[in-house]
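These are the residues of each chain, in order.
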Amino acid sequence: MTEPKSDIPGVIAPPPLIFLGYLIAGIALEYLVVKTQGLDMPGSLRWTVVTLFVLAGAGLIIAAMMRFRIAGTPAPPWQPTTAFVAQGVYRWTRNPMYLGMTLIYIGLTVAANAPVAIWLFVPLILTMHYGVIVREERYMADKFGAAYVNYAHSVPRWL
């Protein structure tokens with residue numbers, strides 16, 4: 001007898017916690033272990049970059065969450081998806097919330113003046129790719145079939 005398939009993607013952890021974990025680890029390593037010279041960036045440029053990245057990231061997340069609310073489906077990947085969303089920001093990127101979290105992560109690493117947190121960006125994206133995104137995409141393809149597969153082939157994962 002086979003187990004019934006779970007109606008959730010089975011991500012390794014909540015994505016905001018993955019981003020936060022890497023950010024905290026990067027800042028801790030920066031200030032407690034590595035102690036680089038920081039980013040060589042004038043203060044006004046630094047805070048402009050921080051503001052733009054954090055606001056753009058928050059805007060993407062809010063726009064994506066509004067689309068989920070309109071569709072009547074929960075945003076958290078540990079809850080069953082009830083609708084396939086391909087409107088709004090989802091016309092340009094399949095992962096606007098993760099793109100938004102990425103922009104906020106970069107903005108906060110610049111704010112913290114922590115190059116080590118930027119160095120952790122590649123492992124962070126690999127963790128998101130294999131631990132979250134691939135699992136979600138497999139789940140969506142199983143649940144919504146050709147409609148999702150066609151969408152995935154026509155809309156880029158990130159940009």
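Residues numbered from 1 in each chain as written. Predicted model: local features only at pLDDT ≥ 70, side-chain atom pairs only at ≥ 80, totals over all residues. Heavy atoms only, no water.

**Student:** Report on the packing of helix H5 (residues 121-144) against helix H6 (residues 146-154), specifying residues and quantitative values.
**Tutor:** At their nearest, the axes of H5 and H6 sit 6 Å apart, and the two run at 135° to each other. Relative to H6, the element H5 is oriented oblique. Listed contacts from H6 to Glu-137, Met-140, Ala-141 and Phe-144 of H5 are Ala-146, Ala-147, Tyr-148 and Val-149. Along the lines of polarity and charge, the residues of the contact of H5 with H6 split into seven nonpolar, no polar and one charged. (Axes fitted to C-alpha atoms, helices over the stretch in contact; angles between N-to-C directions. Helix = DSSP H or I, 4+ residues; strand = E, 2+ residues; numbered from the N terminus. Parallel < 35°, antiparallel > 145°, perpendicular 65-115°, else oblique. Contact = heavy atoms within 4.5 Å. Nonpolar A, V, L, I, M, F, W, Y, C, P; charged D, E, K, R; others polar.)

**Student:** Just give me the short version of the pattern of salt bridges, but keep the residues and values in it.
**Tutor:** What the rule picks out here adds up to three salt bridges. Note that Asp-7 is salt-bridged to Lys-143, the shortest N-O span being 2.9 Å. Here Asp-7 is found in the segment before helix H1 (15-34), whereas its partner Lys-143 is found in helix H5, with 136 residues between them in sequence. Looking at Lys-143, the relative accessible area reads 34%, which means it is partly exposed. Close ionic contact of Glu-137 with Arg-157 constitutes a salt bridge, the shortest N to O distance being 2.6 Å. Taken together, the residues span a long stretch of sequence, with Glu-137 in helix H5 and Arg-157 in the segment after H6 at a distance of 20 residues. (Salt bridge = Lys/Arg side-chain N within 4 Å of Asp/Glu carboxyl O. Buried < 20%, exposed > 50% of the residue type's maximum accessible area, 1.4 Å probe, protein only.)

**Student:** Tell me what's going on with the environment of Phe-121, and back it up with residues and numbers.
**Tutor:** Along the chain, Phe-121 falls in helix H5. You can call Phe-121 partly exposed: its relative accessible area is 26%. Along the chain, Phe-121 and Phe-19 lie 102 residues apart, while their C-alpha atoms are 9.4 Å from each other. The contacts of Phe-121, once residues within four sequence positions are left out, are Thr-102, Tyr-105 and Ile-106.

**Student:** Describe the side chain of Thr-102, and please don't skip the residues or the numbers.
**Tutor:** Within the fold, Thr-102 resides in helix H3 (residues 96-111). The class of Thr-102 is buried, set by a relative accessible area of 7%.

**Student:** Residues and numbers for helix H2 (residues 43-71), please.
**Tutor:** Across its 29 residues, H2 extends 42 Å between first and last C-alpha, which sits within 8% of the 42 Å expected from 1.5 Å per residue. For H2, the set of buried residues is Arg-46, Val-49, Val-50, Gly-57, Leu-60, Ile-61, Ala-64 and Phe-68. Residues of H2 that are buried in the fold lie against H3. Looking one or two residues beyond H2, the residue adopting positive phi is Gly-72, at roughly 75°. (Expected span 1.5 Å × (residues − 1).)

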